[in-house]
Amino acid sequence: MPEDLQKLCVDTVRALSIDAIQKANSGHPGLPMGMAPVAFVLFADVMRHDPADPTWRDRDRFVLSAGHGSMLHYAALHLSGYELSLDDLREFRQWGSRTPGHPEREIRDTKPLTPGIEVTTGPLGQGFANGVGMAIAERFLRERFGSEVQDHRVYTICSDGDLQEGIASEAASLAGHLGLGRLVYLYDDNDISLDGPTSLSWSEDVEKRFEAYGWHVLHVEDVEDLGALRAAIDAGRAEEERPTLIRCKTVIGYPSPNKQGTQSAHGAPLGDDEVRLTKEAMGLDPDLSFHVPDGVYERFGEAGRAGAAARKQWKEREQGWRASDADRTAAWDAGWTGRPMSSLADVLPRDAKAFGKDSIATRSAGKVVMEAFAPLVPTFLGGAADLTASTNTILPGGDDERFTREHAGRNVFFGIREHAMGAAVNGIAAHGGIVRPYGSTFLQFADYMRGAIRLSALQHLDVAWVFSHDSVALGEDGPTHQPVEHLAALRAIPGLTVIRPSDATEVSEAWRVVLEELSGPAAIILTRQNLPVLDREVLGAARGLARGAYVLREPEGDEVAAVVATGSEVHVALEAADLLAADGIHVRVVSMPSWELFDAQDAEIQDDTLPPDLPTVSIEAGVTFGWDRFADLPIGIDRFGASAPGGEALDKLGINAAAVVEGVRELLED
């Protein structure tokens, strides 16, 4: 191709980026200007993508981990032919626009906010780890269903800031260990961060670091050398045994005459005068804004046209594949719809007999439930942060279901990498084809994953977060491991459904709701200690969990108060109700496994469950923050825990029937 046309394409990416940022008077021009050659080569030459079908299942995935450079992505999408207009670029960073400040994977009115955006990025390092999750999903689906329907790669642009974040180290280590060879990461090495030269805080040898992780490492000394850039990417594409990192030497803000190579190009508009000078330096008309020169659309669209042909061929292969294997097709379709292959009602355990015990920890019940539904969700996969034996989140099958370098099983051993696990699980979900990928650890360590959990909610991703060891009842490990504020912190995340089951039967119903009914992320909170399996012939049915709260037991006499609880404290509430009944005080007991599901009910159901005029006490082994919405007197733990046997810790901290009895009496006296 003529070099002048290629240069014109690259410079058009730069010009559109600085025009949009200047118009918004907000944004980060430095990365889009420096990495414009990479965007051009990827979108115009390398990636297999079809702008007419941005959700084609076998497309290459692209992640802009350095999300602050979003205009680079938007410009490339527009020039490639995606449904993103020049008017959309003019609305960069404005209310309701399709070009927000950082790339957003969001669905509005059944259409993507921005076609071509795979994941929401911005918090540095998250996109890096998302890409690892996408590669896990691709390998799993390719091994299960064949390369005729899954055979693509993941490309990521990352920055110094991404690589400095600890999450990237965790994710890179995991990717190297698993030999995820379908990853090609392009690192923008421009020597500048917001504070100034990266030498202020960074002096490591990145190439050696990634070689130590087991990556295939390449470098391009001048990113303006498109031939060298293509050769490096081609070498990365050819590497099947290791992920690839290509260090791209760039000049931030190039070719701005006065700001290139400086921190002032990082996070602020260039200014009208500098925009003009920059366009002149590129040989573009400085009086034209949001202008695409002749030939650029045609040249940028080459990969898209090739992608359209590849998609057509893929569709033909898929149709032939469908005709030859009905069972595999059913599993494939279920994976992409995100639901079980058939109803779970007939396979889930529902009583003590089915669980084989009268008393069982809800974490252990979770394992029984997962084993029961596993055959109906063949693309359900995930794992724990080196806590599989503790959280009991493992699918049957032994080594045949272990995800390794050699075999893509359903059990992923993430190692002690909660940060990477959270973001990788998001990437698995964003890739598609997987039913409810999950990540698991102790509830206390949800703190390590909070950034990823928040992004799962922001993106409305269908993931399951499974947390065990849910309270001070875990005992002797003490306050460093005993969660108290974590339930409140998770409930504070908009769009996250938090479910804390009270017994094994509620665990079963929780998984049914999550797999069959729920849209968006869910956190299932489980106990370490054994809890009695409630007799549902006598008490309210566990299916009430789907409403978020339900009457577990009605009083035998005229009710005068209510006690509402979650998880293990439901049993405390039942005990307290018995003590009160012996004194002629009759209370209803309400199990409230999920605030969010309860909030989704209409007012009539809510008032019928918790009548507004009924004095109510709540009890939960965590901070009382937020419980005043549902209770007149909340009982909880508004301090850190203590090292002691679990039962003693609960009792010393006031999580007992006596405290509930006292609370009810106090309310009635008032």
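Residues numbered from 1 in each chain as written. Predicted model: local features only at pLDDT ≥ 70, side-chain atom pairs only at ≥ 80, totals over all residues. Heavy atoms only, no water.

## A word on the overall build of the protein chain
Assigned secondary structure in the protein chain consists of 26 helices and 21 strands. Against the compact-globule benchmark of 26 Å for 670 residues, the protein chain has a radius of gyration of 27 Å, which places it among compact chains. Seen through its principal axes, the protein chain has C-alpha atoms that stretch 90 × 60 × 45 Å. Out of the 670 residues in the protein chain, the part that is buried amounts to 61%. Look at the contacts in the protein chain between residues 6 or more apart in sequence, and 77% of them connect residues 24 or more apart. When the accessible surface of the protein chain is totalled, it reaches about 24700 Å², and 48% of it is carbon and sulfur. Averaging the locations of the 62 positively and 103 negatively charged side chains of the protein chain gives two centres separated by 5 Å. (Helix = DSSP H or I, 4+ residues; strand = E, 2+ residues; numbered from the N terminus. Rg over C-alpha atoms; globule rule 2.2 N^0.38 Å. Buried < 20%, exposed > 50% of the residue type's maximum accessible area, 1.4 Å probe, protein only. Contact = heavy atoms within 4.5 Å. Areas by Shrake-Rupley, 256 points an atom, 1.4 Å probe, with all protein chains shown as cover. Lys, Arg positive; Asp, Glu negative; His and termini not counted. Charge placed at Lys NZ, Arg CZ, Asp CG, Glu CD.)

## Quick notes on the packing of aromatic side chains
Tallied over the full model, the rule gives 24 aromatic pairs. Aromatic side chains Tyr74 and Phe92 sit 6.2 Å apart centroid to centroid with 70° between the ring planes, which places their arrangement in the edge-to-face category. Of this pair, Tyr74 sits in helix H4 (residues 70-80) while Phe92 sits in the loop between helix H5 (86-90) and strand E2 (107-108); the two residues are 18 residues apart in sequence, bridging distant segments of the chain. Here the two residues Tyr74 and Phe92 agree in accessibility, since each one is buried. Sitting over the ring of Trp595, Arg491 keeps its end group 4.1 Å from the ring centre. (Phe/Tyr/Trp six-rings, centres within 6.5 Å; stacked < 30°, edge-to-face > 60°. Lys NZ or Arg CZ within 6 Å of the ring centre and 35° of its normal.)

## Let's talk about the packing of helix H3 (residues 36-46) against helix H10 (residues 226-238)
Contact geometry for H3 and H10: axes closest at 10 Å, N-to-C directions at 60°. Put simply, H3 runs oblique to H10. Crossing of H3 against H10: the hand is right-handed. Across the interface between the two elements, Pro37, Val38, Phe40, Val41, Leu42, Asp45 and Val46 from H3 touch Leu226, Leu229, Arg230, Ile233 and Arg237 from H10. In the contact of H3 with H10, the residues fall into nine nonpolar, no polar and three charged. (Axes fitted to C-alpha atoms, helices over the stretch in contact; angles between N-to-C directions. Parallel < 35°, antiparallel > 145°, perpendicular 65-115°, else oblique. Left-handed = near helix turned anticlockwise from the far one by under 90°. Nonpolar A, V, L, I, M, F, W, Y, C, P; charged D, E, K, R; others polar.)

## Concerning helix H8 (residues 166-178)
With 13 residues, H8 should cover 18 Å at 1.5 Å per step; its first-to-last C-alpha distance of 19 Å lies within 8% of that length. Among all positions of H8, only Ile167, Ala168, Glu170, Ala171, Ala172, Leu174, Ala175, Gly176 and Leu178 are buried. On its buried face, H8 is in contact with helix H6 (126-145), helix H7 (160-164), strand E5 (183-189), helix H9 (206-213) and helix H18 (418-431). (Expected span 1.5 Å × (residues − 1).)

## Structural notes on helix H13 (residues 302-324)
Under the 1.5 Å per step criterion, the end-to-end length of H13 is 34 Å for 23 residues, consistent within 8% with the ideal 33 Å. The complete set of buried residues in H13 reads Ala303, Gly304, Gly307, Ala310, Trp314, Glu318 and Trp321. On the buried face of H13, the contacting elements are H3, H6, helix H12 (296-300) and helix H14 (326-337).

## Focus on the sheet that holds strand E20 (residues 616-619)
What the five strands build is an open sheet, ordered E17-E19-E18-E20-E21; its pairing is mixed. What marks the edges here is a single partner per strand, and that holds for strand E17 (550-553) and strand E21 (633-635). In this sheet, neighbouring strand axes are inclined to one another by 30° on average, regardless of whether the strands run parallel or antiparallel. Bridge count for E17 against strand E19 (residues 586-591) is three bridges, and the pairing is antiparallel. Pairing of Tyr550 across the sheet is with Ser591, part of E19. Against the sheet, helix H22 (residues 569-582) engages E17, strand E18 (559-565), E19 and E20, with an angle of about 170° to E19. (Pairing = 2+ DSSP bridges.)

## Description of the packing of H3 against H4
Where H3 meets H4, the axes come as close as 10 Å, and the angle between the chain directions of the two elements is 35°. In the packing of H3 onto H4, the handedness of the crossing is right-handed. Across from Ala36, Ala39 and Phe43 in H3, the residues of H4 making contact are Leu72, His73, Ala76, Leu77 and Ser80.

## Side note on the pairing of E18
When you tally the buried positions in E18, you get five out of seven residues, the bulk of the element. Bridge count for E18 against E19 is six bridges, and the pairing is parallel. Paired with Glu559 across the bridge in E19 is His586. Traced from E18 through H22 to E19, the parallel crossover comes out right-handed. Here E18 runs beside E20; their pairing, made up of four bridges, is parallel. When the sheet's bridge partners are listed, Ala565 is paired in E20 with Ile619. (Right-handed = clockwise from strand over helix to strand, strands pointing away.)

## Let's talk about the state of the cysteines
Inspection of the entire model under this criterion finds zero disulfides. Lacking any disulfide linkage, Cys9 is separated from the closest cysteine sulfur, that of Cys248, by 18 Å. Given a relative accessible area of 0%, Cys9 falls into the buried group. Lacking any disulfide linkage, Cys158 is separated from the closest cysteine sulfur, that of Cys248, by 8.8 Å. Cys158 sits in the buried class, given a relative accessible area of 0%. (Disulfide = S-S within 2.5 Å.)

## With respect to the environment of Pro532
Here Pro532 shows up in strand E16 (residues 530-532). Under the relative-accessibility criterion, Pro532 is labelled partly exposed at 41%. Along the primary structure Pro532 and Ala361 are separated by 171 residues, whereas in three dimensions their C-alpha atoms are 8.4 Å apart. In contact with Pro532, other than residues within four places in its own chain, are Asp358, Ser359, Asp503 and His571.

## Things to note about the nonpolar core
Counting 71 residues, the largest nonpolar core has Phe128, Phe467 and Leu490 as the members making the most contacts within it. Those residues within four positions of Phe467 in sequence are excluded, and the remaining contacts are Thr441, Phe442, Leu443, Ala446, Met449, Ile453, Leu490, Ala523, Ile524, Ile525 and Leu526. Residues Ile21, Met47, Val220 and Leu229 belong to the second largest nonpolar core, which totals 52 residues. (Core = buried A, V, L, I, M, F, W, Y, C linked by side-chain atoms within 4.5 Å.)

## Things to note about the pattern of salt bridges
Inspection of the entire model under this criterion finds 50 salt bridges. Between Arg629 and Asp599 there is a salt bridge, and its shortest N-O distance comes to 2.7 Å. Linking Arg629 in the loop between E20 and E21 with Asp599 in helix H23 (residues 595-599), this pair joins segments that are 30 residues apart in sequence. Taken together, the shared-partner salt bridges connect Glu138, Arg142, Asp151, Arg153, Arg182 and Glu240 into one network. (Salt bridge = Lys/Arg side-chain N within 4 Å of Asp/Glu carboxyl O.)

## Remarks on a negative patch on the surface
On the surface, a cluster of negative charge is contributed by Glu554, Asp602, Glu604, Asp607 and Asp608. Positionally, Asp602 belongs in the loop between H23 and helix H24 (603-609). With relative accessibility at 44%, the residue Asp602 sits in the partly exposed group. (Patch = residues over 30% accessible without salt bridge, like charges linked within 9 Å, V, L, I, M, F, W, Y side chains within 5 Å.)

## Remarks on the sheet that holds E5
With respect to topology, five strands assemble into an open sheet ordered E1-E4-E5-E9-E8, the strand pairing being parallel. Each edge of the open sheet is held by one strand with a lone partner, namely strand E1 (61-64) and strand E8 (216-220). In this sheet, adjacent strand axes meet at a mean angle of 20° when their direction is disregarded. Pairing analysis gives five bridges linking E8 to strand E9 (residues 244-249), with the strands arranged parallel. Bridge pairing in E9 links His216 to Thr244. Against the sheet, H6 makes contact with E1, strand E4 (154-159) and E5, and its axis sits at roughly 165° relative to E5, the strand it touches most.

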